[in-house]
Amino acid sequence: MTHFVSHVSAEEERRVRANDREYNEKFQYASNCIMTSKYNIITFLPVNLFEQFQEVANTYFLFLLILQLIPQISSLSWFTTIVPLALVLSITAVKDATDDYFRHKSDNQVNNRQSQVLIRGSLQNEKWMNVRVGDIIKLENNQFVAADLLLLSSSEPHGLCYIETAELDGETNMKVRQSVSVTSELGDPNNLASFDGEVVCEPPNNKLDRFCGTLYWRDKKYTLTNQNMLLRGCVLRNTEACYGLVIFAGPDTKLMQNSGRTKFKRTSIDRLMNTLVLWIFGFLVCMGVILAVGNAVWEREVGSLFQSYLPWDPPVDNFLFSAFLSFWSYVIILNTVVPISLYVSVEVIRLGHSYFINWDQQMFCSQCNTAAEARTTTLNEELGQVEYIFSDKTGTLTQNIMSFNKCSINGQTYESLKHLVFVLLSGEVTDPLGPQLDFTPFNPLADPDFCFYDDTLLESVKVGDLHTHEFFRLLSLCHTVMSEEKSEGELVYKAQSPDEGALVTAARNFGFVFRSRTPGTITTIEMGRPVTYTLLAILDFNNIRKRMSVIVRNPEGKIRLYCKGADTVLLERLHPCNHELMNITSDHLNEYAADGLRTLALAYRDLSEDEWEAWSASHRCADKATDCREDRLAAAYEQIEQDMMLLGATAIEDKLQEGVPETIAVLSLANIKIWVLTGDKQETAVNIGYSCKMLTDDMTEVFIISGHTVQSVRQELRSEHVSVLDDVWIEFALIINGHSLAHALEADMETEFVSTACACKAVICCRVTPLQKAQVVELIKKHKKAVTLAIGDGANDVSMIKSAHIGVGISGQEGIQAVLASDYSFSQFRFLQRLLLVHGRWSYLRMCRFLCYFFYKNFAFTMVHFWFGFFCGFSAQTVYDQYFITLYNIVYTSLPVLAMGIFDQDVPDQRSLEYPKLYEPGQLNLLFNKKEFFICIAQGIYTSVVLFFVPYAVLSDATQSNGVPLADYQTFAVTTATALVIVVSVQITLDTGFWTVINHVFVWGSLGSYFTIMFALHSQTLFRIFPNQFHFVGSAQSTLLQPVVWLTIALATAICIVPVLAFRFLKLDLKPQLSDTVRYTQLVRQKKRKPVGRKGRLGARGGSRRSGYAFAHQEGFGELITSGKNMRLSSLALATFASRHSSSWIDTLRRKKHTHETSEIE
């Protein structure tokens, strides 16, 4: 998305006058035309090129191209750089153009939608793009809202209308909006045409749940809130028509204000690669300086002797200037140590990995028809390095499908759980709670899907127990649920949260049926009798209040406040006479929380007319306040929600998702620490922790930090830190609540909290706010050199998801805001183990192998020029034909390494899940780091030495069969180039661990293309057409017909490859890794399953096979293979072998890393 440029930054308040375009145009408000595209036909080329050249690599290669255009310093033709550069720029430009085309298409589709606008007293069809601030628009049922509108009137009674906000927040439940009472009767276009009210409101912002403004009309002012607004992107539902005044249009609407770019995330490999590339540039400069000094010495000592018949080319007039030009010449020649194709290849590989995630059928949820989605292509290999997972609980670990399970009414507890089954000696199975209750005879409006088993509660309702009736009356009245009656007696509830839906449904089944609502009334059916309550006020829920209340007047005229909320805030607001009942109910609440249930406390308060009138006046004053309105309302709510009478408590069950305990167990074995950050009670969170195997009975101790002061929290942290340090091999868990966490996150205590928490196997933070979730993630990122992953499903998880290195969204019951903010999304928590242990590990492995091989092959290719410089008078003469230099990285060697980077595997996906310890090398960054990088370039430099000096030594004295010497430049160039292509092709066959048809085609096809293209370029035909461009005429044919040349190539290949084979065999024999062990057992199993007498069929099945070569990091353990003791390797032996040969060195590295980080923190 582009950032919209407008006047908004300077706008302090907005003034809008209805039906007065001339007045509104003075403020130059944005039109309703949106433009999310970046380019048009004229600006595409310059803007896109400008953006691409902001990349340092592209600018560097452009600089090289400019150097190559200077004939005095360039020994290479300009096309050796411009061809790959143009290819990269073109591919990127095509991708950007395609993306922008679809943005244009989407913009045009939206901008050309039709809407009915009131112009000069009549409704006219206008395109959305032509709508202006101050216009009055008519909306009809199922239409999208064109702009942010102030609702003026509706076809529904009392100015009500219903909207769906799925495009804004992902929630499909209907929400209700209401017009200001003074405008609700302006339903006729003639009346609306004469409406000239003026709105003064806040400037454009991205807060979806807040709007503050005032309507001035007929010398009176009326307060406007979010309940009066229809936002762009909403859809009108169950409402025949409504009219609205445009307040914000186009880029100023809240939908567009929320569509800004998210923070760009880079992987640790990206950061390392940038560092390494800078080092390589430094190395390139050093080589250039060495060769330039050599040129100066040579020109002074030797070159001066040739001046009479080989003078310097103008403008060179001395050896120093010659050395200066030589430096730039070598910078051009040696630049291929970091070719531009590296960056393109990395992006192609990442794109391939993203498609593999999207296509994975084992991460597809058939129940909700949702596939996994990689919403970014830049973080795939980071998935293989995660050390900390921060998870929400509700909807992430649990299903977020609520069922009314238990309740406590006036000190009596009632249970629905059908969890006790007794088996009699006779074998008969009985249920002590009886059969599932049938509500239909008692209540024809009951929900047939509602399950409850305790018939004592139903009997209490039937006999007319006052406390029970009042309990369910509260549940039927104190909520914001919308009711829709599809047919007679068929009620459908639309709740903003699953909790509310479960509670209202429970009340419905026990005889207190919520039927309908208007802005001023709530209609219920109580024990078969219709009752209409006057709704006097709604004291709405928010994350700070953690409760909601309604004030109603019953048909007898009695006023009562009903309140439900978290026990931590509600119990402290009770009348002192509730002390004994509160203790009993608190015990029940603790029992419910211990069972992992979500709890709420319920209370009421009777109000006299005088109390109501006094409070109503203060509430109206707070509601109409233009400054600090929300604080004043909160104070008014606090005033009335006191001295309440306790009714009881509810307990709702939110079951664990399928596979959560197994997933957490497997991830823990992979040494991934899991932290749960939840807003639930401590007891609920702890119980869920045990249910999902985060907390186990094997843990030595579970620390609980619950201090309310800085000193108490500090003391608890220090005492527990000492316990953890006493024995680092004992498992601990840490539980901390929101109050204590607020102190622990302070600057002077955060290091103690991090060191204690990170030494624990599991951490649970309960009663935390969305901001605290993000702060915890940022704290770990700050103090630990570890990759973090945050996973959640709701809007309250968005800040945590954006803060972590990797954000994962669960597409569940709470809308799609978490998904929209995430980097990866799927529908079940259990898919996380496959995302990390399979796709993440493979992506990391593939990228590391790709980079190691890529740097190796380019150093082997480029360093030959360096050695040649000492034998050509440091004249910047190239070893190879210039066409070979151009095609080496984009044709001859690009596809095999791409295939390896996209398809390679060390073990199958099932083995990755069976052996979670395979994940640890990624966490320790063992496969590609500075040490591995230097090993790769050392191998590349060694290969370049062999490729230069072996042909040089052999060909210097070699002759053709007719006695003509072979020691000429073109023969040497062809021999060296051919040996190079063969050596790097053999090397990638050794590095490839998983062979597919594509690997075979790319490896052998690239080798074949080299010979085909070389013979074509060295042919007589091209020489006749372009005699000045193709100088190696006939060289390939004459050189490759000589047996000595092939013997030279074979010798160079053997000298390059044999040490690699020897090293890998020794490493496999002396220090095998766990992946080697797993591959070996796989080979043993395959041999045991292999039928006798069908030897010829092994390679005929399927499109891929695994290499059996030890030097490809595949099956075999050296000594075990040759000893013959490997045919009956049991699972116990495998575990012992793996722990002895693999885990020990990983654990040693991990201990070193832990010691280093601890010393840094302290």
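With an unreviewed UniProt entry as reference, the protein is termed Phospholipid-transporting ATPase, source organism Lates calcarifer. Under Catalytic activity (unreviewed entry), UniProt gives the following word-for-word description of the protein: "ATP + H2O + phospholipidSide 1 = ADP + phosphate + phospholipidSide 2." The UniProt entry for the protein carries the following comment under Sequence similarities (unreviewed entry): "Belongs to the cation transport ATPase (P-type) (TC 3.A.3) family. Type IV subfamily."

A. Main features of the packing of aromatic side chains. Counting across every chain of the model gives 59 aromatic pairs. Summarising the aromatic geometry, the rings of Phe 27 and Tyr 29 are spaced 5.3 Å apart at their centres and angled 15° between planes, so their arrangement reads as stacked. Judged by centre distance (5.2 Å) and plane angle (85°), the rings of Phe 471 and Phe 472 are edge-to-face. The two residues Phe 471 and Phe 472 agree in class, both being buried.

B. Just the confidence of the model for the protein, in detail. With 88% of its residues at a pLDDT of at least 70, the protein reaches an overall mean of 83. In the predicted structure, residues 1-9 sits below a pLDDT of 50 and forms 21 contacts with residues beyond four places in sequence or in another chain. Segment residues 418-433 is flagged for pLDDT under 50; beyond a separation of four residues in sequence, or across chains, it makes 18 contacts in the model.

C. Up close: a nonpolar patch on the surface. The grouping of Ile 290, Phe 870, Phe 871, Val 945, Phe 949 and Tyr 952 at the surface amounts to a nonpolar patch, some 510 Å² of accessible area in total. If you tally residues by element for the nonpolar patch, the top one is helix H31 (residues 930-955), at three residues. Position of Phe 871 among the secondary structure elements: in the loop between helix H26 (831-869) and helix H27 (882-892). We classify Phe 871 as partly exposed; its relative accessible area is 39%.

D. Quick peek at the side chain of Thr 505. Summarising the element assignment, Thr 505 is placed in helix H13 (residues 498-509). Among the polar contacts made by the side chain of Thr 505, one reaches the main-chain carbonyl oxygen of Gly 501 at a distance of 2.7 Å. Among all residues touching Thr 505, those that are not within four sequence positions of it are Asp 447, Phe 450 and Tyr 493.

E. Spatial organisation of the environment of Cys 201. Relative to the assigned elements, Cys 201 resides in strand E8 (residues 198-201). Cys 201 sits 186 residues away from Arg 15 along the chain, and the two C-alpha atoms are 6.7 Å apart. Ignoring anything within four residues of it in the chain, the contact list for Cys 201 reads Glu 13, Arg 14, Phe 211, Cys 212, Gly 213, Ile 247 and Phe 248.

F. Just helix H3 (residues 56-68), in detail. A rise of 1.5 Å per residue sets the reference length of H3, with its 13 residues, at 18 Å; its end C-alpha atoms lie 19 Å apart and thus fit the reference within 8%. Regarding H3, the residues found buried are Ala 57, Asn 58, Tyr 60, Phe 61, Leu 64, Leu 65, Leu 67 and Gln 68.

G. Fine view of the UniProt feature "active site" (unreviewed entry) in the protein. Per the UniProt entry, the sites bearing "active site" (unreviewed entry) are Asp 392 in this numbering. Among the structural elements, Asp 392 can be located in the loop between strand E15 (386-391) and strand E16 (398-409). Among all residues touching Asp 392, those that are not within four sequence positions of it are Leu 397, Leu 677, Lys 773, Ile 791, Gly 792, Asp 793, Asp 797 and Met 800. Here the side chain of Asp 392 touches Lys 773 through a polar contact of 3.3 Å, side chain to side chain.

H. Up close: the side chain of Thr 978. Structurally, the position occupied by Thr 978 is in helix H32 (residues 969-991). For Thr 978, a relative accessible area of 0% gives the class buried. Aside from chain neighbours lying at most four places away, what touches Thr 978 is Tyr 1010, Phe 1011, Met 1014, Leu 1040 and Ile 1049.

I. Seen up close, the pairing of strand E28 (residues 645-656). Most of E28 sits inside the fold, with nine of its twelve residues counted as buried. As paired strands, E16 and E28 are joined by eight bridges and run antiparallel to one another. In the strand pairing of E28, Ser 408 is matched with Ala 649. In this structure, strand E27 (residues 598-607) lies alongside E28, joined through seven bridges in antiparallel fashion. When the sheet's bridge partners are listed, Ala 601 is paired in E28 with Ala 649.

Thresholds applied
Residues numbered from 1 in each chain as written. Predicted model: local features only at pLDDT ≥ 70, side-chain atom pairs only at ≥ 80, totals over all residues. Heavy atoms only, no water. UniProt positions renumbered as here; feature names shortened; annotations may be inferred. Phe/Tyr/Trp six-rings, centres within 6.5 Å; stacked < 30°, edge-to-face > 60°. Buried < 20%, exposed > 50% of the residue type's maximum accessible area, 1.4 Å probe, protein only. pLDDT = per-residue confidence, 0-100. Contact = heavy atoms within 4.5 Å. Patch = residues over 30% accessible without salt bridge, like charges linked within 9 Å, V, L, I, M, F, W, Y side chains within 5 Å. Areas by Shrake-Rupley, 256 points an atom, 1.4 Å probe, with all protein chains shown as cover. Salt bridge = Lys/Arg side-chain N within 4 Å of Asp/Glu carboxyl O. Helix = DSSP H or I, 4+ residues; strand = E, 2+ residues; numbered from the N terminus. Polar contact = N/O pair within 3.5 Å; in protein donor to acceptor, adjacent residues only side chain to side chain. Expected span 1.5 Å × (residues − 1). Pairing = 2+ DSSP bridges.

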